[in-house]
Structures are given as structure tokens and as C-alpha cells.
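The residues making up each chain are set out below.
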Amino acid sequence: ILKEYPPFEAVPSAAEIGLTIGKKDGMSFAWMNISKISNESDDYRTNYATFGQSFDAATSGPRNFIEEEVLQLEPDVIVSMNVGQQLCKALKDVAKISPISKHDKWLKGVYNLTFKSKQGQNSILIDAYHFAAHDTKYLKGFGDRRSFYDPICSAALDFVNATRRS
């Protein structure tokens, strides 16, 4: 998708994209749930106390599981949903992290990650609001295209273009 940045309306359905995974020139992505503890309540909103317990358990023991997952995936682009600062904290020992300008009001933050183990390869971490956050004061009344697709693709493309130039 990022190769051509198609108009939002032209993005194939998830089922269509899924058919290309693992094929030459197909889509490749990984899904990683940062919170390792299930929210069993009827409330969809993040329970920050539970999230904090989960994050601490996953990152502060003898092994940092979030760090290990990211290092195995070797992502070029990371899109997080409201947990960018926590991800930066989890990756501080394996990557030099530099904030990039906020980019636009729809994103919470954009960071350049230079991984020590990837011979200085850069990745971008784009922290957006959660896709379920349509009722927040920032996203009220705006759809997936304006709130998520355009700003995320724009930040990723700016990063890819800057990386190609350097």
C-alpha cells in the first residue's frame, strides 16, 4: 500500500489484502498486542492500571518480551495506537530513539528508531489514536480516512522518502 499510496477508496478489503500475504510483491505485516493481559470488562476503553501492570510484566523481568518481539519482526514501519511513549521506553536499550515533528494533529507522535542490531537501519514509529477512539474530542465526527489513513500514510511516506535520500 505504501508503495503507491492509493486513494483511501481504492484500498482493497482486508480479505483481499490477506490473499496477497506471503506471495511475491504481496503485503507483509505483523500484529503485536502490547497489552498481554486481557481486559475482561464490558468497557472497551483502555484500563490504564491493567495496561500498566501488563506492560511492566512484559518489560521489567529478566526478559523484555516487547523488545524481543520487535527485534524478531525487524519492522520498517511501526504503527501504534496510543502507546508510542511506552514502546519507546521498551525499546530504549536496543534503539536510538529520536522524535520527529508531531506531523499533524491526528497523530500523537512520530519517532525515528535506529536499531543497534540492524546495522543502523532506521524504522519509523507512528503513534496514532486508537482506531476505536472515534468518540474522543480530537476525532469526533471524522472517519478512518481523515483520522487514520491519510496521516499515517503521509508520515510513513515522508520517512521512506527521507531515508531514500540519505
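This report concerns the structure included in the present document. Values in this document were obtained by computation on a predicted structure and should not be read as measured data. (Residues numbered from 1 in each chain as written. Predicted model: local features only at pLDDT ≥ 70, side-chain atom pairs only at ≥ 80, totals over all residues. Heavy atoms only, no water.)

### Thoughts on unusual backbone geometry
Working step 1: Positive phi outside glycine occurs at N82, with the angle close to 75°.
Working step 2: Along the chain, N82 falls in the loop between β1 (77-81) and α4 (84-91). (Helix = DSSP H or I, 4+ residues; strand = E, 2+ residues; numbered from the N terminus.)

### Quick look at the sheet that holds strand β4 (residues 122-128)
Hydrogen bonds along the backbone pair up the strands of a sheet, which may run parallel or antiparallel.
Working step 1: Spatially, the four strands line up as an open sheet ordered β1-β4-β3-β2, and their pairing is mixed. Each end of this open sheet is capped by a strand with a single partner; those strands are β1 and β2 (95-100). Strand-to-strand twist of the sheet, defined as the mean angle between neighbouring strand axes without regard to direction, takes the value 25°.
Working step 2: By the bridge criterion, seven bridges tie strand β3 (residues 107-115) to β4 in an arrangement that is antiparallel. Across the sheet, residue Y111 finds its bridge partner in β4, namely L125. (Pairing = 2+ DSSP bridges. Axes fitted to C-alpha atoms, helices over the stretch in contact; angles between N-to-C directions.)

### What about the pairing of β3?
Looking down a regular strand, the side chains alternate between one sheet face and the other.
Working step 1: Within β3, seven of the nine residues are buried, leaving the element largely enclosed by the surrounding structure.
Working step 2: Note: β2 against β3, six bridges, orientation antiparallel. For P99, the partnering residue across the bridge sits in β3 and is Y111. (Buried < 20%, exposed > 50% of the residue type's maximum accessible area, 1.4 Å probe, protein only.)

### Concerning the packing of aromatic side chains
Working step 1: All told, the structure shown has two aromatic pairs when counted by the stated rule.
Working step 2: Considering the side-chain rings of F51 and F55, the 6.2 Å spacing of their centres and the 25° angle between planes classify their relative orientation as stacked. In this pair, F51 and F55 are both assigned in helix α2 (residues 48-59), four residues apart and thus about one turn of the helix distant. Judged on exposure class, the residue F51 and its partner F55 are both buried. (Phe/Tyr/Trp six-rings, centres within 6.5 Å; stacked < 30°, edge-to-face > 60°.)

### Digging into the side chain of E67
Working step 1: Structurally, E67 can be placed in helix α3 (residues 65-73).
Working step 2: One buried charged side chain, E67, makes no salt bridge at all; its nearest oppositely charged neighbour is K92, positioned 7.2 Å away.
Working step 3: Here E67 is in contact with A90, L91, D93 and V94, once residues within four sequence places are set aside. (Lys, Arg positive; Asp, Glu negative; His and termini not counted. Salt bridge = Lys/Arg side-chain N within 4 Å of Asp/Glu carboxyl O. Contact = heavy atoms within 4.5 Å.)

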